[in-house]
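# A closer look at the structure
Here's the letter readout for the chains.
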Amino acid sequence: MIKILLDYKWCFIWAIIVIVLCTLPGNNFDAVPSYPGMDKLVHCGMFFVFCTLLYNGVIQQFSGKPTRWVPFFIVSILGFLFAGLTELLQLYIFTYRSGDWWDLFADTVGIGMAGFAYLLNYVNRRS
């Protein structure tokens, strides 16, 4: 059990970072230079990294030989549930932030990008 948790340690660390970033008040980021749509790009990137780290854990757990579609669906569902959780936290718990459907869409794009990268670069090249 401990080995399985250690396979996903970077994913857990990144999930904590994402939750902390999603719960900070928006005025904490006023000093950061931005452009229109940067928020969506950040959401996409955060969930791309999250799901990529989940895929990395899957690859480590199965000694480099996971199946093709089962991890794809499981990681996609877990990523979407985590994205929904962050948006619900922003909407109902941390009222100085706002839950947004477009943020959830950007999160889903990042999840899809990670899934595409997994299928393209790992599964099709394994022997």
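The protein has the name VanZ family protein in an unreviewed UniProt entry, where Sphingobacterium zeae is given as its organism.

Okay, the overall build of the protein next. If you tally the helices and strands in the protein, you get five helices and zero strands. Going residue by residue from the N terminus, the α and β elements of the protein occur as α-α-α-α-α. Buried residues in the protein amount to 34% of all 127 residues. Pairs at least 24 residues apart make up 79% of the contacts formed inside the protein by residues separated by at least 6 positions. As presented, the protein carries roughly 8000 Å² of accessible surface, and 75% of it is formed by carbon and sulfur atoms.

Per the stated rule, a full pass over the model turns up three salt bridges. For K40, the salt bridge is made with D39, and the minimal N-O distance between the two is 3.0 Å. Relative accessible area serves as the criterion here: at 29%, K40 is assigned to the partly exposed category. Where K40 meets D103, a salt bridge forms, and the shortest distance between an N and an O atom there is 2.6 Å. With a gap of 63 residues between them, K40 in helix α3 (residues 38-61) and D103 in helix α5 (residues 101-122) connect regions that are remote in the sequence. Each of D39, K40, D100 and D103 takes part in one network of salt bridges that share partners.

Here we come to the packing of helix α4 (residues 69-93) against α5. Running from N to C, α4 and α5 point in directions that differ by 160 degrees, and their axes come no closer than 10 Å. On the basis of their axis angle, the class for α4 and α5 is roughly antiparallel. Every pair of crossing elements has a handedness; the one defined by α4 and α5 is right-handed. Here W69, P71, F72, S76, G79, F80, A83, G84, T86, E87 and Q90 of α4 lie close against α5, whose contacting residues are D103, L104, D107, T108, I111, G115, Y118 and L119. Looking at side-chain class alone, the contact of α4 with α5 contains nine nonpolar, seven polar and three charged residues.

If you look at the biggest cluster of nonpolar residues, it comprises 22 residues, and the most contacted ones within it are F47, F50, C51 and Y55. For this core, the elements supplying multiple residues, two or more each, are α2 (9-23), α3, α4 and α5. Tallying contributions element by element places α3 first for this core, with seven residues. Ignoring any residue separated from it by four or fewer positions in sequence, one finds F47 in contact with V18, G79, F82, A83, T86, D107, G110 and I111.

Our next topic: the UniProt feature "transmembrane region" (unreviewed entry) in the protein. Taking the UniProt record as the reference, the feature "transmembrane region" (unreviewed entry) is found at residues 12-28, 40-58, 70-92 and 104-123. Secondary structure content for residues 40-58 is 100% helix and 0% strand, while the C-alpha to C-alpha distance between its ends is 27 Å. Split by type, residues 70-92 is 100% helix and 0% strand. Its first and last C-alpha atoms lie 33 Å apart.

Quick notes on the rules
- Residues numbered from 1 in each chain as written.
- Predicted model: local features only at pLDDT ≥ 70, side-chain atom pairs only at ≥ 80, totals over all residues.
- Heavy atoms only, no water.
- Helix = DSSP H or I, 4+ residues; strand = E, 2+ residues; numbered from the N terminus.
- Buried < 20%, exposed > 50% of the residue type's maximum accessible area, 1.4 Å probe, protein only.
- Contact = heavy atoms within 4.5 Å.
- Areas by Shrake-Rupley, 256 points an atom, 1.4 Å probe, with all protein chains shown as cover.
- Salt bridge = Lys/Arg side-chain N within 4 Å of Asp/Glu carboxyl O.
- Axes fitted to C-alpha atoms, helices over the stretch in contact; angles between N-to-C directions.
- Parallel < 35°, antiparallel > 145°, perpendicular 65-115°, else oblique.
- Left-handed = near helix turned anticlockwise from the far one by under 90°.
- Nonpolar A, V, L, I, M, F, W, Y, C, P; charged D, E, K, R; others polar.
- Core = buried A, V, L, I, M, F, W, Y, C linked by side-chain atoms within 4.5 Å.
- UniProt positions renumbered as here; feature names shortened; annotations may be inferred.

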